[in-house]
Amino acid sequence: MDINALREEQIDKASQVVRHDDMPFEQPAFIAGADVGFEQGGDVTRAALVVLAYPSLELVEYRVARIPTVMPYIPGFLSFRESPALLAAWEMLSHRPELLFVDGHGVSHPRRLGVASHFGLLVNVPTIGVAKKRLCGQVAPLAAEVGSQQPLMDRSEQIGWVWRSKARCNPLFVSTGHRVAIDSALLWVMRCMRGYRLPEPTRWADAVASNRPAFQRWQRQHRL
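Residues numbered from 1 in each chain as written. Predicted model: local features only at pLDDT ≥ 70, side-chain atom pairs only at ≥ 80, totals over all residues. Heavy atoms only, no water.

## Some thoughts on the sheet that holds strand E8 (residues 172–178)
And step 1. With mixed pairing, eight strands are arranged side by side in an open sheet as E3-E2-E1-E4-E5-E8-E7-E6. Of all the strands in the sheet, just strand E3 (59–68) and strand E6 (149–154) have a single pairing partner and so form its edges. On average, each strand axis in the sheet is tilted by 25° relative to the strand beside it, whichever way the strands run.
And step 2. Bridge analysis of strand E7 (residues 157–163) against E8 gives three bridges, and the strand direction is antiparallel. (Pairing = 2+ DSSP bridges. Helix = DSSP H or I, 4+ residues; strand = E, 2+ residues; numbered from the N terminus. Axes fitted to C-alpha atoms, helices over the stretch in contact; angles between N-to-C directions.)

Written as structure tokens, this is what we have:
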């Protein structure tokens, strides 16, 4: 694995990321959520994609792709490992979402190319990164109240927002993926909350990927 070549590709792709609002809709009809995990000791990459109607945020479609893992885990280069399975799941969708939430970082990455930015570039859809842990950058202490927020800074550049979405829960790290401005990214995450720590697109993607009870209930209701 040529790390230097991967680093150069990251830098090149990061330069192509659009960090301002380029969303061709006033209100999207469909919003997608994406989650990636690994099975069989890391040999299989599993990508789950869900499509929700907007503004109801009701689940209308889900797809899960499992493919052989293409490369080992290398810190800072996870998007190269995860993107092939995400693309496989994306190609299975019958609905075309206009806005995509990815469980992971966007530009809040040392070289500004987390999986949300990488995948957003590949499918050229407005994309938002919603991560559960900090990858890089510094943040001031965050108040305990729901809705508290602080800018995530790296080398005097704001690369995301740290936002407390639920009481007594760790905050979320929200960033531009592609074609969504940093403030708009946080606004869209706020619009997609329904009382849980995660916004509905990535919450449902996680539920499908992990076969959680909420997804099992949805399957029974829809007799799938």
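Read on, since the account is not over.
## Structural notes on the pairing of strand E4 (residues 99–103)
And step 1. In terms of burial, E4 is largely enclosed, as five of its five residues are buried.
And step 2. Of the two faces of E4, the one carrying Leu99, Phe101 and Asp103 and the one carrying Leu100 and Val102 are both buried.
And step 3. Pairing of strand E1 (residues 30–39) with E4 involves four bridges; the strand directions are parallel. Note on E4: the bridge partner recorded for alanine 32 is leucine 100. (Buried < 20%, exposed > 50% of the residue type's maximum accessible area, 1.4 Å probe, protein only.)

## Comments concerning the UniProt feature "site: Interaction with target DNA" (unreviewed entry) in the protein chain
And step 1. In the numbering used here, UniProt assigns the "site: Interaction with target DNA" (unreviewed entry) feature to Tyr73.
And step 2. Secondary-structure assignment places tyrosine 73 in the loop between E3 and helix H2 (78–90).
And step 3. When its relative accessible area of 52% is taken as the criterion, tyrosine 73 is described as exposed.
And step 4. The contact partners of tyrosine 73, leaving out residues within four places of it in the chain, are Leu78 and Arg81. (UniProt positions renumbered as here; feature names shortened; annotations may be inferred. Contact = heavy atoms within 4.5 Å.)

## Re the nonpolar core
And step 1. Leu99, Phe101, Ile128, Trp188, Val189 and Trp204 are the most contacted members of the largest nonpolar core, which totals 33 residues.
And step 2. Isoleucine 128 has contacts with Leu99, Leu100, Phe101, Val102, Ala116, Val174, Ser175, Gly177, Val180, Ala185, Trp188 and Val189, leaving out every residue within four places of it along the chain. (Core = buried A, V, L, I, M, F, W, Y, C linked by side-chain atoms within 4.5 Å.)

## Some points on the side chain of serine 108
And step 1. Position of serine 108 relative to the elements: it lies in the loop between E4 and helix H3 (115–123).
And step 2. A polar side-chain atom of serine 108 sits 2.7 Å from a polar atom in the side chain of histidine 105.
And step 3. Contact partners of serine 108, with chain neighbours within four places excluded, come to Leu135, Cys136, Leu152, Ile159 and Ser175. (Polar contact = N/O pair within 3.5 Å; in protein donor to acceptor, adjacent residues only side chain to side chain.)

## Brief notes about the UniProt feature "binding site: Mg(2+)" (unreviewed entry) in the protein chain
And step 1. On the UniProt side, "binding site: Mg(2+)" (unreviewed entry) is annotated at positions that read Asp35 and Asp103 here. In summary, the annotated positions, though distributed over 69 residues, converge in three dimensions, the widest C-alpha pair being only 5.3 Å. Of the residues named above, Asp35 and Asp103 line the largest pocket.
And step 2. Structurally, aspartate 35 can be placed in strand E1.
And step 3. A relative accessible area of 8% means that aspartate 35 is categorised as buried.
And step 4. Look past the residues within four positions of aspartate 35 in its chain and what remains in contact with it is Arg46, Ala47, Ala48, Asp103, Ala205, Asp206 and Ala209.
And step 5. Of note, aspartate 103 is situated in strand E4.
And step 6. Residues contacting aspartate 103, with those up to four places away along its chain left out, are Ala34, Asp35, Val115, Val130, Lys132 and Thr202. (1 Å grid on protein atoms, 1.4 Å probe; cavity = no way out; pocket = protein on both sides within 12 Å on 5 of 7 lines; lining within 4 Å.)

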